[in-house]
Amino acid sequence: MEQIFFVSEEQRAILETVRRFVEQEVRPRAAQLDASPDPADGFSWELVEKAHELGIRTMTLSEKWGGLGTDSLTTAMVIEELAKGDIGVSVIFAQTLKIAQIMEKALSADQQARVLPKFSSDPRGMLAIGITEPDTASNYFLPYPAPFRTSAQKTSGGWIVNGMKHFISNGNRASFYLLFAQTEAGKPLAEGSTCFLLERGRPGFTIGRVHDKMGERLANNAELVFQDCFIPDENVVGQPGKGFPVLAQFFPQSNAYAGATILGVAVALHRKAVEWAQVRVQGGKPLIEHDGIRAQLAEMRMLIDASRSYIHRACWLADHQEHGWDKTLGALPKAMAAQAAWKIATWTMEIHGGHGYMKEFGIEKLVRDAAAFLHSDGVNRTLFLKAANFMFKD
Ligand SMILES: Cc1cc2nc3c(=O)[nH]c(=O)nc-3n(C[C@H](O)[C@H](O)[C@H](O)COP(=O)(O)OP(=O)(O)OC[C@H]3O[C@@H](n4cnc5c(N)ncnc54)[C@H](O)[C@@H]3O)c2cc1C
């Protein structure tokens, strides 16, 4: 059913490994982990360690650092495949794969030598990025000319960080972070912020609450709290005051990866809708033989295929920008896939009738999961506004 424009032999082999991991390890555990009352308990180190053994955790790193050097298109295929099993599992690896890919490009040679071997060899190595704050969210996506509240003040040999970040995926699980903080008071965040490399366990850096989420519960999101946390000069990524150019330059595929995650949920829902339509008999025949239902299943397929094409195009162009990269591709594919997934979630529930509302049929979890990317990686409305600003700048 799932159409991919072109898959090489190497991509096919990688996807086969990921599919087996999803079937054998993720699917059997997902419902139970999702039901954990404590939000921290939805996360499974066992799954991370299994993914490590299979090379999934580090596949975006180049061979020099122990990875497979997967490009953005292949990585998006992997992220979608993981999300067909569970969205939270997809998110924890999507974040790690994305940030590893960025670290290899954005970190200095010295920073890479300090971080990448440790990350690569640690079976529990996870990565996170801390940008969002309670008062600074859509503001950094657009960007709106206000500062981050989290500040880093210059001191001898480094910076003293105070403030907090929230909603951070892998926040309580990561060993390394990219952290954005205001280093020039009085300037807007796009001009006066700096990107820092942050290690877990640095004095003055603690984990706050683990957020209790509606869905995507196999991933943890947490607060990062900074109280006079010293970060040395050698941990500045790029230049002081140039945090935003790091975001703009090294994250082109980030939105498409988020789209691939939610697309996997849409595919899982569609499969359920088709299966149910084949077995449920009303009006004297299986639902799938009723024209209204058949047409709706085809419309779902169209939304999935079109979203995937958009995501794959964005990924390929992110890696080959000379062939026509357009900045709206860094904002819109996720919004399209998230809208498609949400529509498919409500239609799948409708096709299941009352059964869709009963937890035992598994639709309820997927509906909660399908809501996750209406807001993650930017609220859709914010992303439309961002794209419009690119389109009508002059
Ligand atoms: C599951 C999950 C995982 C996340 N992971 C991370 C992470 O790893 N790292 C990280 O840094 N962040 C992360 N985030 C944060 C995420 O990027 C923000 O939640 C998102 O940007 C929205 O911020 P907000 O919830 O504060 O909404 P707000 O910014 O408060 O927006 C609220 C509403 O106002 C609208 N709005 C805002 N500004 C404007 C405007 N100027 N004009 C018109 N409408 C506007 C928005 O579109 C939205 O509808 C995550 C969030 C979630 C939910």
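Going by the structure above, here's the rest.
Quick caveat: nothing in here was measured; it's all calculated off a predicted structure.

Description of the site of the ligand
The ligand sits among 22 residues. The nearest are Ile 131, Thr 132, Ala 137, Ser 138 and Ser 169. Counting residues per element, the ones that place at least two in the shell around the ligand are β1 (127-130), α6 (138-141), β3 (158-169) and α13 (380-391). In terms of residue class, the shell around the ligand is built from 10 nonpolar, 9 polar and 3 charged. Split by domain, the residues of the shell around the ligand number at least three in each of domain 2 (128-247) and domain 3 (252-391).

Describing the environment of Lys 105
By secondary structure assignment, the location of Lys 105 is in helix α4 (residues 87-106). The exposure class of Lys 105 is exposed, given the 10 C-beta atoms found within 10 Å. Considering only alpha carbons, one finds Lys 105 and Val 246, 141 residues apart in sequence, at a separation of 10.0 Å.

Notes on the packing of helix α10 (residues 291-319) against helix α11 (residues 332-351)
Between α10 and α11, the least distance of the axes is 9 Å, while the angle of their chain directions is 160 degrees. Looking at the two axes, α10 sits roughly antiparallel to α11. The element α10 and its partner α11 pack so that their crossing is left-handed. Facing Ile 293, Gln 296, Met 300, Leu 303, Ile 304, Ser 307, Tyr 310, Ile 311 and Ala 314 of α10, the residues of α11 in contact are Pro 333, Met 336, Ala 337, Ala 340, Lys 343, Ile 344, Trp 347 and Ile 351.

Considerations on helix α3 (residues 72-85)
In this model α3 runs 20 Å from its N-terminal to its C-terminal C-alpha over 14 residues, within 8% of the 20 Å that 1.5 Å per residue would give. The buried count for α3 comes to 14 of 14 residues, which makes it a mostly enclosed element.

Conventions adopted
- Residues numbered from 1 in each chain as written.
- Predicted model: local features only at pLDDT ≥ 70, side-chain atom pairs only at ≥ 80, totals over all residues.
- Near = placed C-beta within 6 Å.
- Helix = DSSP H or I, 4+ residues; strand = E, 2+ residues; numbered from the N terminus.
- Nonpolar A, V, L, I, M, F, W, Y, C, P; charged D, E, K, R; others polar.
- Domains from an automatic or database assignment.
- Buried ≥ 20, exposed ≤ 12 C-beta atoms within 10 Å, placed from the backbone.
- Axes fitted to C-alpha atoms, helices over the stretch in contact; angles between N-to-C directions.
- Parallel < 35°, antiparallel > 145°, perpendicular 65-115°, else oblique.
- Left-handed = near helix turned anticlockwise from the far one by under 90°.
- Contact = placed C-beta atoms within 7 Å.
- Expected span 1.5 Å × (residues − 1).

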